[in-house]
Amino acid sequence: MIRLLRRYLRPYAWPIAIVLVLLLVQAIGNLYLPTLQGEIINDGVSKGDTGFITSTGIFMLVVTFVVGAASIVGVYFSAQVAMGFGRDVRSAIFRQVEAFSQVEINKFGTPSLITRNTNDVQQVQTLVFMVLALMISAPILIVGGIILAVRQDVPLSGLLVVVLPLMVAFIAIIMSRAIPLFRSMQVKLDRINQVMRETLAGVRVIRAFVRTGHEEKRFDDANVDLFSTALRVNRLFAITIPVMTLILNLSTVGVMWFGALRVESGEMPIGNLTAFLQYLLQILFAVLMAVFMFIFVPRAAVSAGRIQEVLETEPSVHDPEHPVKPALVATASDGDGRDGRDGLVNETGTGGRIEFRNVEFRYPGAQDPVLHHASFVAEPGETVAIVGSTGSGKTTLVNLIPRFYDVTDGAVLIDGVDVREMDRADVWRRLGVIPQKAFLFTGTVASNLRFGDEDATDDELWAALAVAQGRDFVQEMDGGLEAPITQGGTNVSGGQRQRLAIARALVKRAGILIFDDSFSALDFGTDARLRAALDRDMGWATRLIVAQRVGTIMKADRILVMDAGRIVGSGTHSELLASNETYREIVYSQLSAEEAAA
Amino acid sequence: MSFRPGGNGQNPGGNGTQPAAGAPLFGPGAGGAGRPAAGGPPPGGFGPGGRRPGGGGPGMMGMMSMPVQKPGNFRVSFRRLLQRLAPERVLVVLVVVLAVISVAFAVIGPKILGNATNDIFNGYISSQLPAGVSKDQVVAGLRANGQGQLADMVAAMDLHPGQGIDFSALAGILFILIGVYVLSSIFSWMQSWIMAGVTQRTVRRLRTDVDEKLGRLPLKYFDSHPRGDVLSRVTNDIDNIGQTLQQSLTQLITSVLTIVGVLALMLTISPILAVISILSVPLSVFITVLIAGRSQKRFAAQWASTGDLNAHVEEMHTGHAIVKVFGRQQEAIETFDRENEKLYQASYQAQFISGTIQPALTFVSNLNYVGIAVIGGLQVASGLMTLGDVIAFIQYSRQFTFPIIQTASIANVLQSAVASAERVFELLDEPEEVADPAEPIRLPTTRGAVAFEDISFRYEPDKPLIDDLSLVADAGHSIAIVGPTGAGKTTLVNLLMRFYELDGGRITIDGVDTRDMTRDDLRRTFGMVLQDTWLFHGTIRENIAYGRDGATDDEIHAAAEAAHVDHFVRTLPDGYDTVIDDDATNLSAGEKQLLTIARAFLANPSILILDEATSSVDTRTEVLIQRAMAGLMEGRTAFVIAHRLSTIRDADTILVMNKGRIVEQGNHESLLARGGFYAELYNSQFTEALAEAV
């Protein structure tokens, strides 16, 4: 935690210094006020000197005003520092996560990353604010209070030696019991969240299986569990304040008694007694404050650790120091000079060659590679399909091209250049990727389609939609291109979502198109028409198609058959049908014997 | 309930002055100790304690926990929130009684302490006087010296010249004081202890109510509300309410009681001084209202920004890979920075503005202090009041200030809690499903004959969907539902399972209108295997057993075997005890589907709804799924959302859907002969695909 604080608070050194000075002013003022009050009683009230009371009173108000002003200015700066700290940390986390490859994303999990960037930052930010506003002043008040109390009367200060440890010990006992309870409460709150999330996600199934009662019981168990822990925590704290109050109150009784003895013996003026009482309370309050602050420390420390973990995780995929750009014959057909096209791809078919050279990949920490010795070439204008059973490595293979992961051996090359030697941004500009999960972003149809090319005209969007077989339904949507899309694209059907995702990639007009099982939600007819349109419109591009359905891929120029991380066959549909057992098995599993014979 | 940061209403201005900071620091929540510590000398009141350290200081509560929304109807919702406490009313009354006692003791404390001070002071003055001189002589002597004021003062004192402090009297007073303090703490503890139960039980009930409510809401609600929002109501909002109940109610009780009690005592001591203190009340209220009003807006802005930022982070992290390959990282970061900056601006302003309440009110209280000291000093000097009374009064004035600051903070906290309560009540007020019939018809066994009789249905009143559809599915028949992508095939499922209500006509099972059955009975006759498999966090065994309550292990294994998943499960290291994690990432899509088929086998329904989609299922698993599904359909009425030609051709009836409507029905031959939509669909899709394939 200290490291995180030190690093992200450094830019705020000056405001922090100002806050410290202001806190000092406040502390001195606060310590001075009881003295003035004591004087009013000693020299004013008890001597009947109203003039003195008035003048001291006005001085007291001036001090109060200064303290108040210092406090307001202090709050201004501490609010800025704490919130600025939060902002900076959030920003650092977000940038870090953006730099992560899929390896790191998987390691943390998306929900956890979101929590870390929001909730955890808030915890630490709150602590920073509290430290600046309160905790720093606690030691000042304690030390100052002790000095002043001792100045009032040394022997009476002995009381502190008894009271302080008593309070600290009591708080320590409470904390030692409370902190584990809080920890477990957090876990139980998570459980409530989990059960509720499952209930919401599975509402159809729950009702279909008539398990509402069962789910309610599950929720109730979690609820009761949370309740009993929360109750224990709160009951624990129910005793804290009365006990602390009692300790404080009893110490005032002690001061009265021993103070009276000292006054009687003439060793202490009576005014000092009241002043002493105030200092005593001030000290004890400061102690209490500091101790109670500490309850936030463990939580904030946990959060800081979680943040630190993100910030310190090195992305496993880096840009090279000296990036290489594949040499290309730059003859882009549309010479409008727009980014993302010229010099990267050309539609005459001389760019976009993909080569896998003896590629091996294993997940970090995994014993066995999920991909062995994969080698193949996809030329511009070619359609290369990849089929195979679940877990055979198809998706892994295509994920290596955009460098979601880096190969562990061998190389992936685009136009003859190892992708690891290229800037990732440069690699991505050459790719049009349609992922397995067609994820759309909040916005409109158009804003989603323009993801690949911000400057694409409406005509270009319609053209891409036409190829993706999405023109009809977009035309029917209220607002057409401007029809709203909810997060994730949940307001359109699975098939529509997939077609929009395909159109999005087409708008980019990249030279390499990667379809990762992107036709699964389409019916056969749409699938076939889409592929035909692709051939017409994007015939010049290199196309990699991962698919399950034989119908989708059998027209491909080349089909790679994968099994257990190896490419076990390569050829056209008819070649493979004749020669490759794995492929035959796949084909016959999808077409009944009757159909195959027909 | 917790020390979540949300609750920590650390008051930025808290250290503004005096231990006063202690008040919000300990959270006015307090159960009982919510009164300034009796006994401290002037500024030393032990702040209204909180059960929860860091319970909401003025305004800060809202900032850290929930978006502060302007409650639309604050009073109604607030009253409704209080009504939630009704089941605990006996205990609430008890809490109030205990609070009264506790506050009474706490308020008496300073009065007694004042007596002790007087005792010491009198003894001190007395010891300064020569023994054997009477008080009257002293007074006369002072007057003779022209010290009229001092003479008046001394005249009012209970002096025994030369005697010094009366320690036995002091001891008596202090013992009483100890008793008062101990009792006050005990009562305060009891009150807090009971209140913890009251609020936690109330929160638990609220959560249960919401969960049960969700069980009665129509599917339409779930289809039209973002999951995250509903979730947030159940967790964040209820949590916020819980925190506030815990803190504010006891705090409110003790604050009000303290104000009343202190005011009463002040008046008994000195009406003139009391007036000064009373004057500071409207001033404090005015300042609080002024500042809180401004901070409220900033809090609202802060929470709006937090929401925006969260949404952006969530979306960008979820679509991480796409953001990357489309080269949109720069834009993502720019948007993030923009939202982040907005959040920063709103939150530091909110912090700052609400942070000024404390110093401002402290200044008012010090002003009050000086006023009392000046006038009190004059009164003591002129012998109208004793020194002890003035000191006690000053303490009371402190005690008076704290509850006012507290009440200000409660107002702020309540705004946020009521906003949350409104969101929860809104959910509780959602229209529920049509109630099950009072005397439902129960079918001892179902054969599975399903008939649609002139049904009509639409999701949106102005968009016709299904009109006058009739269909008969005899027991054991299979009905294939076909149509292009997005044809709205799930609508049929929604109607069959009564997830949605018909607008007209009726659906019967074995001749019984489904609306005459309970939903539970109706749904038990169905088995459903959907494309979106739904597995929950638990073991494979538990997930299969979901099909039927109290299934034995043998039955579970048999079901798994029938679904061709038994072998796979047994190859797993933990077999049936393998825990499926939240996203079921440890199973492939096909394996998940097999498990849901096993679940349906176990449930043994007479009617099936199957979704044949085969996306992302590898081909070998696909074979297993096909076999399992075929086995499952044997002897059962089945509605199949079909993609496979064989399924469609073998179906007894084919429903052809297009754009959400059923356009044709009949068997394969009759539909082909008709040369309509189906024929077109068939020719364009299946024959082509087939021709290509072989």
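Remember, predicted model here, so these are calculated numbers, not experimental data.

**Things to note about the overall build of chain B**
Across its full length, chain B carries 24 helices and 12 strands. Looking at chain B as a whole, 56% of its 694 residues qualify as buried. Long-range contacts, defined as pairs at least 24 residues apart, comprise 82% of the intrachain contacts of chain B with a sequence gap of at least 6.

**Section: the overall build of chain A**
Along chain A, the regular secondary structure elements total 22 helices and 12 strands. Counting across all 598 residues of chain A, residues that qualify as buried make up 53%. Residue pairs at least 24 apart in sequence account for 76% of intrachain contacts in chain A once pairs closer than 6 positions are excluded.

**Section: the nonpolar core**
Counting residues in hydrophobic clusters, the biggest one holds 265 residues, and the most contacted among them are Ala385(A), Ile514(A) and Ile120(B). Tallying contributions element by element places helix H7 (residues 167-216) of chain B first for this core, with 18 residues. Apart from the residues within four sequence positions on either side, Ala385(A) is in contact with Ile545(A), Ala547(A), Ile553(A), Ala556(A), Ile559(A) and Leu560(A).

**As for the packing of helix H9 (residues 212-264) of chain A against H7(B)**
For the pair H9(A) and H7(B), the least separation of the axes is 8 Å and the interaxial angle reads 165°. Overall, the two elements H9(A) and H7(B) adopt an arrangement that is roughly antiparallel. Handedness of the crossing formed by H9(A) with H7(B): right-handed.

**What about the sheet that holds strand E4 (residues 504-509) of chain B?**
Residue and element names in this part refer to chain B. In space, the 4 strands of this open sheet follow the order E2-E1-E4-E5, with antiparallel pairing throughout. Two strands in the sheet have a free side with no partner beyond their single neighbour: strand E2 (466-473) and strand E5 (512-513). In this structure, strand E1 (residues 450-457) lies alongside E4, joined through 5 bridges in antiparallel fashion. Note on E4: the bridge partner recorded for Glu453 is Arg506.

**Looking at the sheet that holds strand E3 (residues 478-482) of chain B**
Residue and element names in this part refer to chain B. Spatially, the 6 strands line up as an open sheet ordered E6-E9-E10-E3-E11-E12, and their pairing is mixed. Two strands in the sheet have a free side with no partner beyond their single neighbour: strand E6 (526-529) and strand E12 (661-666). Averaged over all neighbouring strand pairs, the angle between strand axes comes to 15°, with direction disregarded. Here E3 pairs with strand E11 (residues 653-658) via 4 bridges, running parallel.

**Here's the deal with helix H17 (residues 494-507) of chain A**
Along its 14 residues, H17(A) runs 20 Å from first to last C-alpha, staying within 8% of the 20 Å computed at 1.5 Å per residue. Arg509(A) sits one or two positions beyond H17(A) and adopts a positive phi of about 50°.

**A few points about the confidence of the model for chain B**
All names here are of chain B. Taken residue by residue, chain B gives an average pLDDT of 73. The fraction at 70 or more is 74%. Contacts of residues 1-72 to residues separated by more than four positions or lying in other chains number 347 contacts, the stretch itself having pLDDT below 50. Both scores are available for the predicted complex, with the pTM at 0.67 and the ipTM at 0.76.

**A word on the pairing of strand E3 (residues 383-388) of chain A**
Residues and elements named next belong to chain A. When you tally the buried positions in E3, you get 6 out of 6 residues, the bulk of the element. For E3 and strand E10 (residues 542-546), the ladder comprises 4 bridges, and the chain directions are parallel. Along E10, the bridge assignment pairs Ala385 with Ile545. As paired elements, E3 and strand E11 (residues 558-563) share 5 bridges and run parallel to each other. In the strand pairing of E11, Val384 is matched with Arg558.

**Quick word on unusual backbone geometry**
One non-glycine residue, Asp415(A), adopts positive backbone phi at about 50°. Tracing the sequence through the fold places Asp415(A) in the loop between strand E4 (409-414) and strand E5 (417-418). Even without being a glycine, Arg498(B) presents a positive backbone phi close to 60°. Mapped onto the fold, Arg498(B) is located in the loop between helix H15 (490-496) and E4. Overall, the presence of 21 C-beta atoms within 10 Å leaves Arg498(B) in the buried class.

**Section: the environment of Ala17(A)**
Within the secondary structure, Ala17(A) sits in helix H2 (residues 13-45). Between the C-alpha atom of Ala17(A) and that of Phe77(A), which follows or precedes it by 60 residues, the distance is 9.8 Å.

**Re the environment of Ala149(A)**
Structurally, the position occupied by Ala149(A) is in helix H6 (residues 137-152). Here Ala149(A) is in contact with Ser157(A), Leu160(A), Phe276(A), Tyr279(A), Leu280(A) and Ile283(A), once residues within four sequence places are set aside.

**Regarding the packing of helix H3 (residues 50-99) of chain A against helix H13 (residues 357-381) of chain B**
Contact pair H3(A) / H13(B): the axes reach a minimum separation of 9 Å and the direction vectors enclose 170°. What the angle tells us is that H3(A) and H13(B) run roughly antiparallel. Residues Thr50(A), Ile53(A), Thr54(A), Gly57(A), Met60(A), Leu61(A), Thr64(A), Phe65(A), Gly68(A), Ser71(A) and Ile72(A) of H3(A) touch H13(B), and the partners they reach there are Pro359(B), Thr362(B), Phe363(B), Asn366(B), Leu367(B), Val370(B), Ala373(B), Val374(B), Gly377(B), Leu378(B) and Ala381(B).

Thresholds applied
- Residue numbers here run from 1 along each chain, matching the order of that chain's written sequence.
- Labels are handed out in written order, letters beginning with A for the chains and numbers beginning with 1 for the ligands.
- Local features in this predicted model are restricted to residues whose pLDDT is 70 or higher, and side-chain atom pairs enter the listing and the counts only when it is 80 or higher, whereas totals over whole chains, interfaces and linings include all residues.
- Runs of H or I in DSSP of at least four residues are treated as helices and runs of E of at least two as strands, each being numbered from the N terminus.
- Comment: burial labels come from other C-beta atoms within 10 Å of the residue's own C-beta, placed from the backbone, where a count of 20 or more is buried, 12 or fewer is exposed, and between is partly exposed.
- Residues are treated as contacting if the C-beta atoms built from their backbones sit within 7 Å of each other.
- By definition, a nonpolar core groups buried Ala, Val, Leu, Ile, Met, Phe, Trp, Tyr and Cys residues that are joined through C-beta atoms within 7 Å.
- Lines fitted to C-alpha atoms define the axes, with helix axes restricted to the stretch in contact, and inter-axis angles between N-to-C directions lie between 0 and 180 degrees.
- Relative orientations are named as follows: roughly parallel for angles under 35 degrees, roughly antiparallel for angles over 145 degrees, roughly perpendicular for angles from 65 to 115 degrees, and oblique for any other angle.
- For a crossing to be left-handed, the near helix must be turned anticlockwise from the far one by less than a right angle; the clockwise case is right-handed.
- One requirement defines pairing of two strands: DSSP has to find at least two bridges between them.
- Multiply 1.5 Å by the residue count of a helix minus one, and that product is the helix's expected span.
- Values of pLDDT, the confidence the predictor places in each residue, fall between 0 and 100.

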